[in-house]
Amino acid sequence: MSVEALSRTSARGPLARCAGDPLAFLRDAWGRRASVRQATDHGGFDDLLSFDQVDRFLTATSIRSPYFRLVKAGEQIPESAYTRSGRTGSREVHGMADPARVAHLFEDGATLVLQGLHRWSEAVTRFCRDLELELGHPCQANAYITPPGAQGLALHEDPHDVFVLQAFGRKRWEVHGAPAEDERTPLDVEIGPGDTIYMPAGTPHAASTQAVLSGHLTIGVHVTPWRNVLGDVWSRIDTGLASAGDVPAGWTRDPEGFARELRARAIALAHALAAIDADEVFRRREEQFLSSRPQLARGAIAERSAPIAVEDASVVHRRTDALCEIRRRSDALIVLLGDRRLEMPQWLEPAMRRIEASLAFTVRDLAPELPNAASRAVLVGRLIREGLLTARDTG
């Protein structure tokens, strides 16, 4: 990430909450070494996870696997030991949490794992989405709640980068060197509420509780390797004669001819790769990334419970968490709304720029950019249906 891009991120943004100074973190630790950050003034993580929430998830919501599981001393506990079946309407439902058996196993030292919280916890979804926008890489979240004097997972390593966010209680961690580090003595550290640990992909680690229970979030960051980008480029370039035809019969008896032909084709491929439009590759990947993130359009279903009526006097608001990125292309205006990509006529750009920059406005405020009242109503109505705007009172 560039210095300019980071300068626009909030000091209270998710990367700062995970790692402190984003510039220093990305320069000194990102992808290189494990690091521990002690809590200072960033307020902890109880807005993302509390023990009361965990209790409610497992005792009052009929949560189902695979959104939760139990482990003990590095071993998975069979689902049959803590789930039950029931009926919903005419269908039998399996894998629901059995609160009494979950509580018994937890009391006996089992760790509760809440999986995929970025898909079903609003606060965690928002945190992960915003972290994704800062880093440019997809994120996921699990929570681990371990009773006193217990260990969940044995020493292991993850295939992705990890931020550990201690939400409540305390936990002792054994963290070995990351693959990019020189040989070092493993870290042995106990962290408490608000503390964080960062570990690059492939860093061996294990954790256990001592005198008190522990609840932490692990935020997994799936960093895109350059080989994926280059593989995408390769699949799209026109290799022409460089890859045409077949290896000739008898090539095993003609090493000089094989090498000569291979060199010629490699040179042709190099010319094809050198001719790629790197800006176009960036635009394509950017659009795919910014149109496959959670939209966070809370209230959109309630808004559709009655006909959407838009007129010049209507006051509309940008949804607080709505993503809106506008890109002008040669033949269209592209609007990226997190989970979707809209194409619009280019003449709508001035109106969309005003909407992008406004927290609230009256539809007639778009008159300088859209003189036609019907056009204003159609555009605003569409953006309400797409989840970017709302005509409901957001106060």
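Look a little higher up for the structure.
Residues numbered from 1 in each chain as written. Predicted model: local features only at pLDDT ≥ 70, side-chain atom pairs only at ≥ 80, totals over all residues. Heavy atoms only, no water.

Peer 1: Where do I start with the overall build of the protein chain in this structure?
Peer 2: Within the protein chain, the secondary structure is distributed over 13 helices and 19 strands. If you line up the protein chain on its principal axes, its C-alpha atoms span 80 × 65 × 50 Å. When each of the 395 residues of the protein chain is scored for burial, the buried share is 45%. Within the protein chain, counting contacts between residues at least 6 apart in sequence, those at least 24 apart form 73% of the total. Counting only carbon and sulfur atoms, one obtains 52% of the accessible surface of the protein chain, whose full area is about 20,900 Å². (Helix = DSSP H or I, 4+ residues; strand = E, 2+ residues; numbered from the N terminus. Buried < 20%, exposed > 50% of the residue type's maximum accessible area, 1.4 Å probe, protein only. Contact = heavy atoms within 4.5 Å. Areas by Shrake-Rupley, 256 points an atom, 1.4 Å probe, with all protein chains shown as cover.)

Peer 1: What is the right way to read the pattern of salt bridges from this model?
Peer 2: It is possible for side chains bearing opposite charge to pair when their charged atoms get close. Considering all chains together, one arrives at 32 salt bridges under this definition. Residue Arg293 is joined to Glu132 by a salt bridge in which the shortest nitrogen-to-oxygen separation is 2.8 Å. Linking Arg293 in the loop between α10 (278-290) and α11 (300-303) with Glu132 in helix α7 (residues 122-135), this pair joins segments that are 161 residues apart in sequence. The class of Arg293 is buried, set by a relative accessible area of 9%. A relative accessible area of 4% places Glu132 in the buried class. The residue Arg354 makes a salt bridge to Glu369 at a minimum N-O spacing of 2.9 Å. Of the two residues, Arg354 is situated in helix α12 (residues 349-357) and Glu369 in the loop between β18 (360-362) and α13 (373-385); the sequence distance between them amounts to 15 residues. Of the residues examined, Glu369 reaches a relative accessible area of 22% and is grouped as partly exposed. Shared partners join several salt bridges into a network, and the residues in it are Glu286, Glu287, Glu325, Arg327, Arg329, Arg341 and Glu343. (Salt bridge = Lys/Arg side-chain N within 4 Å of Asp/Glu carboxyl O.)

Peer 1: Help me understand the side chain of Arg293, please; the structure alone is not making it clear to me.
Peer 2: Here Ser292 takes part through its side chain, which lies 3.0 Å from a polar atom of the side chain of Arg293. Apart from the residues within four sequence positions on either side, Arg293 is in contact with Arg129, Glu132, Pro138, Gly338 and Asp339. (Polar contact = N/O pair within 3.5 Å; in protein donor to acceptor, adjacent residues only side chain to side chain.)

Peer 1: Help me out: how do you make sense of the state of the cysteines in this one?
Peer 2: The term disulfide refers to a covalent linkage connecting the sulfur atoms of a pair of cysteines. Using the criterion set out here, one finds zero disulfides in the structure. This cysteine, Cys139, is not joined by any disulfide, and Cys128 carries the nearest cysteine sulfur, 5.8 Å off. (Disulfide = S-S within 2.5 Å.)

Peer 1: Can you walk me through the sheet that holds strand β19 (residues 389-390) in this structure?
Peer 2: What holds strands together in a sheet is hydrogen bonding between their backbones, with the strands either parallel or antiparallel. A sheet is described by the order of its strands in space; here three strands give the open sequence β18-β14-β19, paired in antiparallel fashion. Both edges of this open sheet fall to β18 and β19, since each of them pairs with a single strand only. In terms of strand pairing, strand β14 (residues 315-318) meets β18 through three bridges, oriented antiparallel. When the bridges of β18 are listed, Val315 appears paired with Thr362. (Pairing = 2+ DSSP bridges.)

Peer 1: Got a minute to help me understand the environment of Arg172 in this structure?
Peer 2: As for its position among the elements, Arg172 is in strand β9 (residues 171-175). Separated by 17 residues in the primary sequence, Arg172 and Val189 have C-alpha atoms spaced 5.6 Å apart. Discounting chain neighbours no more than four positions away, the residues touching Arg172 are Asp188, Val189, Glu190, Ala206, Ala207, Ser208 and Gln210. A distance of 3.0 Å separates polar atoms of two side chains, one belonging to Arg172 and the other to Asp188.

Peer 1: Looking at this model, I keep getting lost on the environment of Gly250. Mind explaining?
Peer 2: Here Gly250 is to be found in the loop between α8 (226-236) and α9 (255-274). According to the relative accessible area criterion, Gly250 is partly exposed, its value standing at 28%. It is 59 Å that separates the C-alpha atoms of Gly250 and Leu70, two residues lying 180 residues apart in sequence.

Peer 1: Would you mind going over α7 with me for this structure?
Peer 2: For an α-helix, 3.6 residues make a turn, and residues three or four places apart therefore share a direction. End to end, α7 covers 20 Å across 14 residues, agreeing with the expected 20 Å (1.5 Å per residue, within 8%). When we look at burial in α7, the residues that qualify are Val124, Thr125, Phe127, Cys128, Arg129, Leu131, Glu132, Glu134 and Leu135. Each element contacted by the buried residues of α7 is listed here: α2 (14-19), α6 (117-120), β7 (139-146), β8 (161-169), β13 (214-221) and α10. (Expected span 1.5 Å × (residues − 1).)

Peer 1: Before we go on, may I ask you to explain the nonpolar core in this structure?
Peer 2: Grouped burial of nonpolar side chains is what soluble globular proteins tend to show. Grouped together as the largest cluster of nonpolar side chains are 43 residues, with contacts concentrated most on Phe25, Phe68, Leu114, Phe163, Leu165 and Ile219. For Leu165, the residues in contact, after removing those within four places along its chain, are Cys18, Phe45, Leu48, Phe127, Asp195, Thr196, Gly215, His216, Leu217 and Ile219. Listed in part, the 23 residues of the second largest apolar core include Val316, Leu348, Ala351 and Val380. (Core = buried A, V, L, I, M, F, W, Y, C linked by side-chain atoms within 4.5 Å.)

Peer 1: I would appreciate a short explanation of the packing of α8 against α10 in the present structure.
Peer 2: Any two packed helices are characterised by how steeply their axes cross, that is the angle between the axes, and by the distance between the axes. Close contact between α8 and α10 brings their axes to 12 Å; oriented N to C, the two are set at 115 degrees. Overall, the two elements α8 and α10 adopt an arrangement that is roughly perpendicular. At the point where α8 passes α10, the crossing takes the right-handed sense. Between α8 and α10, the residues in contact are Asn228, Val229, Asp232, Val233 and Arg236 and Val281, Arg284 and Arg285, respectively. Here the contact of α8 with α10 is composed, by residue class, of three nonpolar, one polar and four charged. (Axes fitted to C-alpha atoms, helices over the stretch in contact; angles between N-to-C directions. Parallel < 35°, antiparallel > 145°, perpendicular 65-115°, else oblique. Left-handed = near helix turned anticlockwise from the far one by under 90°. Nonpolar A, V, L, I, M, F, W, Y, C, P; charged D, E, K, R; others polar.)

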